[in-house]
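Chains, contacts and geometry: an overview
One letter stands for each residue in the lines below.
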There are 2 protein chains.
Amino acid sequence: MLCFTQALLHLASGSAHPLAKGGSSLGLLKQDWRGSQGWCWMVCVEQTGRKTGTGTLAGVIDLAVDWMTDLKEGVCLSAFWYSHEQCCWTSNETTFDDRDKCPQWQKWSELLVNQSEGASAYILNYFLYILWALCFAFLAVSLVRVFAPYACGSGIPEIKTILSGFIIRGYLGKWTLLIKTVTLVLVVSSGLSLGKEGPLVHVACCCGNFFSSLFSKYSKNEGKRREVLSAAAAAGVSVAFGAPIGGVLFSLEEVSYYFPLKTLWRSFFAALVAAFTLRSINPFGNSRLVLFYVEYHTPWYMAELFPFILLGVFGGLWGTLFIRCNIAWCRRRKTTRLGKYPVLEVIVITAITAIIAYPNPYTRRSTSELISELFNDCGALESSQLCDYINDPNMTRPVDDIPDRPAGPGVYTAMWQLALALVFKIVITIFTFGMKIPSGLFIPSMAVGAMAGRMVGIGVEQLAYHHHDWIIFRNWCRPGADCVTPGLYAMVGAAACLGGVTRMTVSLVVIMFELTGGLEYIVPLMAAAVTSKWVADAFGKEGIYEAHIHLNGYPFLDVKDEFTHRTLATDVMRPRRGEAPLSVLTQDSMTVEDVETLIKETDYNGFPVVVSKDSERLIGFAQRRELILAIKNARQRQDGVVSNSIVYFTEDPPELPPNSPHPLKLRRILNLSPFTVTDHTPMETVVDIFRKLGLRQCLVTRSGRLLGIITKKDVLRHMAQMANQDPESIMFN
Amino acid sequence: MLCFTQALLHLASGSAHPLAKGGSSLGLLKQDWRGSQGWCWMVCVEQTGRKTGTGTLAGVIDLAVDWMTDLKEGVCLSAFWYSHEQCCWTSNETTFDDRDKCPQWQKWSELLVNQSEGASAYILNYFLYILWALCFAFLAVSLVRVFAPYACGSGIPEIKTILSGFIIRGYLGKWTLLIKTVTLVLVVSSGLSLGKEGPLVHVACCCGNFFSSLFSKYSKNEGKRREVLSAAAAAGVSVAFGAPIGGVLFSLEEVSYYFPLKTLWRSFFAALVAAFTLRSINPFGNSRLVLFYVEYHTPWYMAELFPFILLGVFGGLWGTLFIRCNIAWCRRRKTTRLGKYPVLEVIVITAITAIIAYPNPYTRRSTSELISELFNDCGALESSQLCDYINDPNMTRPVDDIPDRPAGPGVYTAMWQLALALVFKIVITIFTFGMKIPSGLFIPSMAVGAMAGRMVGIGVEQLAYHHHDWIIFRNWCRPGADCVTPGLYAMVGAAACLGGVTRMTVSLVVIMFELTGGLEYIVPLMAAAVTSKWVADAFGKEGIYEAHIHLNGYPFLDVKDEFTHRTLATDVMRPRRGEAPLSVLTQDSMTVEDVETLIKETDYNGFPVVVSKDSERLIGFAQRRELILAIKNARQRQDGVVSNSIVYFTEDPPELPPNSPHPLKLRRILNLSPFTVTDHTPMETVVDIFRKLGLRQCLVTRSGRLLGIITKKDVLRHMAQMANQDPESIMFN
């Protein structure tokens, strides 16, 4: 594996053709190594990501979730570590109908009281289902609380913030990685209304961060490290969904703050390796690299665009409702006593979920199975309740092209069960997302959309069957034709709801057709995505991730917002009129003691250095941390540096009176190219500069004189003020 | 249509929910209108793009090309404006075999000398084929020369440069639009080795430019206009290929310089309307929105990755060869007498192409038909020469799942014809691209790859058939199984060659699977794309578009290059050591005559304004153009402004001795927020700032004193110097 890596390295090395450059071969090698580190890292994270990440991590998560989800209902006698499907897969009765009822798989009631039917067996199973769910959830929330508080949530809002330049220590640490992986399995198995896709992005970023800390090029350069995290996020989505291109685009559209084309190319490579690995381990068992593979037999018709757009509207409304309610609930959690009992909250929500979910077959099973069933077209042999149509007795043989049929009683039962499940899913997801456990939103959102879509689809299908003389149907739906595919409606609905919550566009459509293989349905998917984004944007610009960023007050400068106010830098900079003057250092007239006093009395991250207090001409910027370190070192090691030694930032020492103590030269910690703007610069430009260059602060001058400073915090506060929001809600490191 | 537009506008308006903001309702309406213009434009360009662009333009181009291509061989008797296919489509003999030989369609020899077979008929057809080709080509090159010299080439290098901030007057004008559309039809029909996809991007940008000139928001703001052009480029690819998502990504990855997420969303919308329109007009006649729809019956196997990667290597080598040879030839055209005879050049190349192309069936037909045939899997009934396999007489019925068969004589004939066609295509494309006619590269590159791929595919297939006991085949290719799909190899080869020439990654793969519908073959496609990019990058970092940008010396600051040298701003700025000092204006001590002299003696675009020549403290920047205009106006209108009036840029007039003439206040033309860096700023940072903020110049200061200026030209020259290129080759506006 390593030699393969080395070979790749040489090919892939950023520094291309070594002969095109001059220099000794040692230098060349060094340069090559430096350029290669990017690739080495990528290959490493993927080689390892292949073993621990894709191969083991995602694979183990999938297997463990399957097993533990089934454990809530029963156990496999032949081997207790088999899930229901695996258990019956090995049994002899492999006919389609008997597969669910193989003798090796026993429900708890069968095992414990030897009863498989009847009220008492049902109650026992019900009780044990709830008990297991509570156990899993309690274990998960306790682990998160004790070992890794950062492992909760989806992690995407925080990763967005980190990529924009904010540092949250430990957020991408090894403990977070470990605990998030373990608890993710627990909470998904517990049956809570959450998905594993968002957290897997966080897990991938933790992996990426771990590997980038091994290479000096990345551990030292914050910007490069962020690029690596962008690529890791792409790999995360690729792994989570099996959507390599969708992963890259998700990382580009939703997660990354700044996405240079070089990162695009690396993410693409990462996604290739991820896709290749997925193909090798074949986790979905259909050798198709696709999670919810669908195959429909009919195209869509123009008239169907109307229900598709309606589903888009539904998705937008669901997105708005979800974001508003979820944020209101999370705010309540932050501000009231509710937030003090996270364990209790998780237990209560799990109990409610389990109690309500068990009686309804569409909520009892795992959400991805549900989505898969809703997406599927009804074949003639399908045993599912959703496919209980009344077959025409004159029909000769079940073929691929089954005409529309009237719905049987099973479909009607399924419809009201789905409606109940839909309401339940909508309500419970609002309360679930944001609890102190890992939780993703993709799967619940898609489930909501798929349920609504399938219901609409069955409605349209029955309408078309019973009324094919109506004008709207007459043109495309002759009697006996297969006009409407309810599964397609479910797919469109899922896209619409996911779009309403996250506001993705391109990546959403690509993920959807990578998930389902439905490339021919690109126009319906795009129409639903556009409608749902319009509707949702009409009620509020923020997607769920931005809403959570605002709620938590992370200092995130959204690249999507346009700042159109006509304020100037001088209106935003500190000090304001009437405030104490800016704390500055002078280049050669302050003593060590003066500097120490300044450091003690203020808590700024750094200080501008000027020629003198009178001229105020700016020469550079000194970081607080480096100042403290340099003075400490000098006091310990350097002879003659005492409290009243002069500190100087110039090349040559200032002229000092005789007998004055040895001066302290600090030029090497001086940043000689601080970023400046003039006081007349429009804030629109300043915001643009902060965004594009990822600045933390910027000095304000007029005619070469230092006037003040604008920090990212000031910019964010000013933007909040201009948008009539509370500027004090923004936190800052 | 208009009311639909209005309704969309309100929904889509950038300024979202009007009630969320304060202000009078008139103001709100205004704001809404301002925000809506973006959408109005998009909808407009698409509404119109739907009529003129997608519906008419692309449609008419397609139809005209079909008709004129066939005109070279014959004519339809029933209606001369029918192409071969349309002519025979309406005939009664619609069985599969007879379709090509319907009586209404007559070859020229049949019509003129009433002979369809024989040497003399062949020679007559051959001669007329060449004659038509020459006519078309001559007409095209003459039109381009006389009416719109900018209509030549693919236009993508120029659009990249325009998007990076350079202005080429008339490049996106109405004449260019018209002439490029007409000549595109002519040159494609003439049978030259070129495609229409790249030029369609240029045409779409011309459309976009035309519509954006109608809206004040875009006609005045250069940045916003560029965003619109990015979206137009996306719409262009969508229309050209029927690849909506691929279009957006192509615009992002290849064309755009700066692609904010807002533009992504608008491009997405544009692509949706384009896709919807395509679906409505159904240009490819298969209701699939897919140009080269393929349907393969077998998956791919891991062992096949080896030939796929070989094809990737071939693609990379072809890309390198093509770029090197084409650039060398184009340089020769620029520097020698060759460039003085563009019409002759086109005529000669067309004649050579037609003479060599006619005898070989694979080069005689249009290139997209060729690609389509090469991509296709051989069905049992296929009449194509490429599908002339020896069928097993024991095989009961032709089914979908045809096992690998030994190749028949037709396949062997096809192989050497393909080989000849491949060599011819490779050579002739090098000389064709860059002539003074519209010419795209997508289709010829894909054809080269598809031919090579198909040959490799047939080779592997025959190897597997005859040697399925070899270790490499034993695991996946049992006798009688359908192991190898030669069409898939053609697809992979096409992707590899397109990737080698353009260096696309994500967009390439998305375009390929949108073109073919082959979502399951994402790993082979990605592997080929990655390999071909690696191989090609190893021989030179530049794709064909960047190479042409460099050849033409456009001032393009590539976002992909990393600048890693350790030079400082002070090394690049003007004036250098020993040069005359920087030409500056002082804020209140120069006379009108001084300023006029300065303007006359220099040709700078603008001048920094300082407090005084002694202090050199910077207060702003004045544009040359605005200075000239202001002084001219003042002299004409303002009383008492004479040659020795003092010019001042401060708020208040300077104190002047009595009897001095009326001073001239020019503060309103002063840019009070010029961009500055210090002399110690690393060039790496400066390059980054120029790129991300799209600057044209930047002032250099030290301790508030003005030292010099760095223009974009200086940056580009410095970068060329550092890369050991000739810095004088860069032109600048």
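- For chain A, an unreviewed UniProt entry supplies the name Chloride channel protein and the organism Meleagris gallopavo.
- Check the Sequence similarities (unreviewed entry) section of the UniProt entry for chain A; it says "Belongs to the chloride channel (TC 2.A.49) family."

Notes on the overall build of chain A
- Each helix and strand in chain A was counted, giving 28 helices and 12 strands.
- The buried share of chain A, taken over its 733 residues, is 58%.
- Roughly 31,000 Å² of accessible area belongs to chain A as shown, and the carbon and sulfur atoms make up 58% of that amount.

Things to note about the pairing of strand E12 (residues 705-711) of chain A
Residues and elements named next belong to chain A.
- The pairing of strand E11 (residues 697-702) with E12 spans 6 bridges and is classified as antiparallel. In the strand pairing of E12, Leu699 is matched with Ile709.
- Following E11, the chain reverses through 2 residues before pairing antiparallel with E12; Ser703 in that reversal takes a positive phi of roughly 45°.

Digging into unusual backbone geometry
- The peptide bond linking Arg574(A) to Pro575(A) adopts the cis configuration, its omega dihedral lying at -10°.
- Checked against the element boundaries, Pro575(A) lands in the loop between helix H24 (569-572) and strand E3 (585-586).
- With a phi close to 60°, Arg503(B) is a non-glycine residue in the positive phi region.
- Tracing the chain through its elements places Arg503(B) in the loop between helix H20 (486-502) and helix H21 (506-516).

Structural notes on the packing of helix H11 (residues 244-255) of chain B against H21(B)
Residues and elements named next belong to chain B.
- Two elements in contact, H11 and H21, have axes separated by 8 Å at closest approach and are oriented at 160°. Regarding the angle of H11 to H21, the classification is roughly antiparallel. The handedness of the crossing between H11 and H21 comes out as left-handed. Contacts between H11 and H21 involve Pro244, Ile245, Gly246, Leu249, Phe250 and Glu253 from the first element and Val506, Ser507, Val510, Ile511 and Glu514 from the second.
- Across the contact of H11 with H21, the residue classes break down as 7 nonpolar, 2 polar and 2 charged.

Topic: the sheet that holds strand E10 (residues 676-678) of chain A
Residue and element names in this part refer to chain A.
- In spatial order, the strands read E10-E11-E12; together these 3 strands make up an open sheet with mixed pairing. Each of the sheet's edge strands pairs with one partner strand only, and the pair in question is E10 and E12. Taking each pair of neighbouring strands and ignoring which way they run, the sheet shows an average axis angle of 35°.
- Two strands pair when backbone bridges link them, and E10 and E11 are joined in this way by 3 bridges, in the parallel orientation. Within E11, the position partnered with Thr676 by the bridge is Leu699.

Focus on the UniProt feature "transmembrane region" (unreviewed entry) in chain A
Residues and elements named next belong to chain A.
- UniProt annotation of "transmembrane region" (unreviewed entry) refers to residues 126-151, 172-192, 228-252, 305-329, 341-358, 414-434, 441-460 and 488-513 when read in the numbering used here.
- When the span residues 172-192 is considered, its composition is 76% helix and 0% strand, and the gap between its end C-alpha atoms is 25 Å.
- Secondary structure content for residues 228-252 is 92% helix and 0% strand, while the C-alpha to C-alpha distance between its ends is 13 Å.

A word on the sheet that holds E3(A)
Residue and element names in this part refer to chain A.
- Read from one edge of the open sheet, 4 strands run E3-E5-E6-E9, paired in mixed fashion. At either margin of the open sheet sits one strand with a lone partner, and together these are E3 and strand E9 (670-671).
- In terms of strand pairing, strand E6 (residues 618-623) meets E9 through 2 bridges, oriented antiparallel. Bridge pairing links Phe621 to Asn671 in E9.
- Contacts from helix H26 (residues 624-637) reach E3, strand E5 (606-610) and E6 within the one sheet, and its direction differs from that of E6 by about 75°.

Remarks on the pairing of strand E5 (residues 606-610) of chain B
Residues and elements named next belong to chain B.
- Across the 5 residues of E5, 5 count as buried, placing the element largely inside the fold.
- Every second residue of E5 is oriented toward a common face, with Gly606, Pro608 and Val610 on one face and Phe607 and Val609 on the other, all of them buried.
- Here strand E3 (residues 585-586) pairs with E5 via 2 bridges, running parallel. The residue of E5 that forms the bridge with Thr586 is Val610.
- Of the strand pairs in this sheet, E5 and strand E6 (residues 618-623) are connected by 5 bridges, and their pairing is antiparallel. What sits directly across from Val610, in E6, is Leu618.

Quick word on the environment of Met504(B)
All names here are of chain B.
- On the secondary structure map, Met504 appears in the loop between H20 and H21.
- You can call Met504 buried: its relative accessible area is 0%.
- In this structure the C-alpha to C-alpha distance between Met504 and Phe250, which are 254 residues apart in sequence, comes to 7.8 Å.
- Apart from the residues within four sequence positions on either side, Met504 is in contact with Phe250, Glu253, Glu254, Phe442, Leu498 and Gly499.

Here we look at the pattern of salt bridges
Residue and element names in this part refer to chain A.
- Throughout the structure, instances matching the rule amount to 24 salt bridges over all chains.
- Among the ionic pairs, Glu651 bridges to Lys665, the shortest N-O distance being 3.7 Å. With Glu651 in the loop between strand E7 (646-648) and strand E8 (664-665) and Lys665 in strand E8, this pair connects stretches of sequence that are 14 residues apart.
- Glu651 sits in the partly exposed class, given a relative accessible area of 48%.
- Exposure remark for Lys665: the relative accessible area of 37% places this residue in the partly exposed category.
- Each of Arg503, Lys533 and Asp537 takes part in a single network of salt bridges with overlapping partners.

Calculation rules
- Residues numbered from 1 in each chain as written.
- Chains lettered and ligands numbered in written order.
- Predicted model: local features only at pLDDT ≥ 70, side-chain atom pairs only at ≥ 80, totals over all residues.
- Heavy atoms only, no water.
- UniProt positions renumbered as here; feature names shortened; annotations may be inferred.
- Helix = DSSP H or I, 4+ residues; strand = E, 2+ residues; numbered from the N terminus.
- Buried < 20%, exposed > 50% of the residue type's maximum accessible area, 1.4 Å probe, protein only.
- Areas by Shrake-Rupley, 256 points an atom, 1.4 Å probe, with all protein chains shown as cover.
- Pairing = 2+ DSSP bridges.
- Axes fitted to C-alpha atoms, helices over the stretch in contact; angles between N-to-C directions.
- Parallel < 35°, antiparallel > 145°, perpendicular 65-115°, else oblique.
- Left-handed = near helix turned anticlockwise from the far one by under 90°.
- Contact = heavy atoms within 4.5 Å.
- Nonpolar A, V, L, I, M, F, W, Y, C, P; charged D, E, K, R; others polar.
- Salt bridge = Lys/Arg side-chain N within 4 Å of Asp/Glu carboxyl O.

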